[in-house]
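# Observations on the model geometry
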Amino acid sequence: MEHTSPSSSAHPAASQRFRWELRNYRVKRGLTQRALADLVRFSRETVAAVESGRRFGSHEFAQRCDDVLGTGGRLAALWPQVAAEQLAADGRRGPRAAEPGPLDRQVPRQRARRDARDPAAVVDAIDELRELIGQVLKGPADPDDTQRRHPPADPLDDRR
């Protein structure tokens, strides 16, 4: 499931139509979002997010909905245009920064305070957080550092 919002694309005609068709066919069949989700094996939250435009669906989601709702393939037929909108929306973020080097070689950068109302500033801040989290999850570069933080247990402790 893709998580980029369709509302951020420049020409949302296909995604709007996809959402409208999905909801229209679901309602015509008398299904709730939960009932449709159970039938297509996606979560109710996914169905709701796609219908509301908070998320794009996926090609697989479109095909499963076509099968369950009996649309004759209308949702899957819209998918190439929806996918193009999704790519256009994703492309606005630009390329990710290169992988950072080891922690001990990096020099902390001073950042100017950003305006939280500026979407580009928010995206930059999220990318920086992801980079920092990735560095933390990689763990220490020196294996001896791990032993200093987590010394081996004393084998005599188990005999108590």
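Below or above, wherever it landed, is the structure these notes cover. (Residues numbered from 1 in each chain as written. Predicted model: local features only at pLDDT ≥ 70, side-chain atom pairs only at ≥ 80, totals over all residues. Heavy atoms only, no water.)

Turning our eyes to something else, we now look at the overall build of the chain. When helices and strands are counted, the chain shows 7 helices and 0 strands. Counting over 160 residues, the chain shows a buried share of 26%. Counting contacts in the chain only where the partners sit at least 6 residues apart, residues at least 24 apart contribute 63% of the total. (Helix = DSSP H or I, 4+ residues; strand = E, 2+ residues; numbered from the N terminus. Buried < 20%, exposed > 50% of the residue type's maximum accessible area, 1.4 Å probe, protein only. Contact = heavy atoms within 4.5 Å.)

Each aromatic ring pair is summarised here by two numbers: the centre-to-centre distance and the angle between the ring planes. In total, this model carries 2 aromatic pairs according to the counting rule given. Ring centres of F18 and W79 lie 5.8 Å apart, and the angle between their planes is 65 degrees; this geometry places the pair in the edge-to-face category. Pair noted here: F18 is in helix α1 (residues 13–28) and W79 is in helix α5 (residues 74–91), with a separation of 61 residues, a long-range link. Note on F18: relative accessible area 2%, which makes it buried. The exposure class of W79 is buried, given its relative accessible area of 9%. (Phe/Tyr/Trp six-rings, centres within 6.5 Å; stacked < 30°, edge-to-face > 60°.)

Once that is clear, we can look at the packing of α1 against helix α3 (residues 44–52). Interhelical geometry of α1 versus α3 gives an angle of 125 degrees and a closest axis separation of 8 Å. Looking at the two axes, α1 sits oblique to α3. In this structure, α1 contributes F18, R19, L22, R23 and R26 to the contact, and α3 contributes V50, E51 and S52. Among the residues making up the contact of α1 with α3, the classes are represented as 3 nonpolar, 1 polar and 4 charged. (Axes fitted to C-alpha atoms, helices over the stretch in contact; angles between N-to-C directions. Parallel < 35°, antiparallel > 145°, perpendicular 65-115°, else oblique. Nonpolar A, V, L, I, M, F, W, Y, C, P; charged D, E, K, R; others polar.)

Before going further, it helps to examine the nonpolar core. Ranked by size, the top nonpolar core spans 20 residues in total, and within it F18, L22, L36, F61, C65 and L69 carry the most contacts. Those elements giving two or more residues to this core turn out to be α1, α2 (33–40), α3, α4 (59–69) and α5. Not counting chain neighbours up to four residues away, the residues in contact with L36 comprise L22, R26, L31, V47, C65, V68 and L69. (Core = buried A, V, L, I, M, F, W, Y, C linked by side-chain atoms within 4.5 Å.)

All right, on to the side chain of R64 then. Considering the arrangement of structural elements, one finds R64 in helix α4. With residues near it in sequence (within four places) discarded, R64 still touches V40, R41 and F42.

Right, let's talk about the pattern of salt bridges for a bit. Counted according to the given criterion, the structure contains 5 salt bridges. The salt bridge involving E21 is made with R74; its shortest N-O contact spans 3.4 Å. Taken together, the residues span a long stretch of sequence, with E21 in helix α1 and R74 in helix α5 at a distance of 53 residues. Taking relative accessible area as the criterion, E21 reaches 4% and is therefore assigned buried. (Salt bridge = Lys/Arg side-chain N within 4 Å of Asp/Glu carboxyl O.)

What follows is about unusual backbone geometry. With phi around 60 degrees, R41 is a residue other than glycine that occupies positive phi space. Tracing the sequence through the fold places R41 in the loop between α2 and α3.

Next up on the list: α1. If you check α1, its first and last C-alpha atoms are 22 Å apart, about what 16 residues at 1.5 Å a residue would give, namely 22 Å. Buried residues of α1: A14, S15, F18, R19, E21, L22, Y25 and R26, and no others. Looking straight down α1, one finds that the buried residues subtend no more than 165 degrees of arc, so they occupy a single side. Across α1 from its buried face, at more than 90 degrees, point the exposed residues A13, W20 and K28. A positive backbone phi angle near 70 degrees is found at G30, which sits one or two residues after α1. (Expected span 1.5 Å × (residues − 1). Arc of directions from axis to C-beta.)

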